[in-house]
Amino acid sequence: MLFRRLALTVALVAAAPLAAQTDPLAYQTPPPELAALVDAPRTPSVSLSPDRTVAAFLSRPGLPSIAEVAQPEVGLAGLRLNPATNAPSRTAAFTGLAFRAIDAAGDPVAVSGLPAGARLRSPSWSPDG
């Protein structure tokens, strides 16, 4: 009698997780508020000129898309390169550039004329700013 109760209890406990998973692990999306927070563009990086009179605002995209993360990579001497771009595959790139004088009021002036989908990597100031 005790063995039957124990066997029935074990069978019910083992079947409980299976009953809870009637839908075969369907892909679930987060609530829209959370998705908007994750997909939002990041805060721009700021770089000051060598003489500290001008600030450059470098726009950064949000998280990379699945298509971007799934691109092929080639390993070379410890680096991971994207063969389509001949550039490092896992480095962050900037998508926009704007300048503003430190003592000026107002919004930064964006650089226009960049190609669509441009990716800026490692911009730096000239020695004289």
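Please refer to the structure higher up on the page.
Residues numbered from 1 in each chain as written. Predicted model: local features only at pLDDT ≥ 70, side-chain atom pairs only at ≥ 80, totals over all residues. Heavy atoms only, no water.

### Brief notes about the overall build of the protein
- Across its full length, the protein holds three helices and seven strands.
- Within the protein, contacts between residues at least 6 apart in sequence are counted, and of these 50% link residues at least 24 apart. (Helix = DSSP H or I, 4+ residues; strand = E, 2+ residues; numbered from the N terminus. Contact = heavy atoms within 4.5 Å.)

### A word on the packing of aromatic side chains
- Throughout the structure, instances matching the rule amount to one aromatic pair.
- Measuring from centroid to centroid gives 5.8 Å for F99 and W125, while their planes differ by 70°, and the two rings are edge-to-face. Taken together, the residues span a long stretch of sequence, with F99 in strand β6 (residues 96–101) and W125 in the segment after β7 (109–110) at a distance of 26 residues. (Phe/Tyr/Trp six-rings, centres within 6.5 Å; stacked < 30°, edge-to-face > 60°.)

### Focus on the environment of P61
- When you line up the elements, P61 lands in the loop between β2 (54–60) and α3 (66–69).
- On the basis of relative accessibility, which here comes to 28%, the residue P61 falls in the partly exposed class.
- Distance from P61 to A92, taken between C-alpha atoms, is 8.7 Å for residues 31 residues apart in sequence.
- In this structure P61 touches P41, R42, A93 and T95, once residues within four positions along its chain are discounted. (Buried < 20%, exposed > 50% of the residue type's maximum accessible area, 1.4 Å probe, protein only.)

### What about the sheet that holds β2?
- Reading across the sheet, the four strands line up as β1-β2-β6-β7 and stay open at both edges, with antiparallel pairing between neighbours. Pairing within the sheet leaves two strands with one partner each, and these edge strands are β1 (42–48) and β7. (Pairing = 2+ DSSP bridges.)

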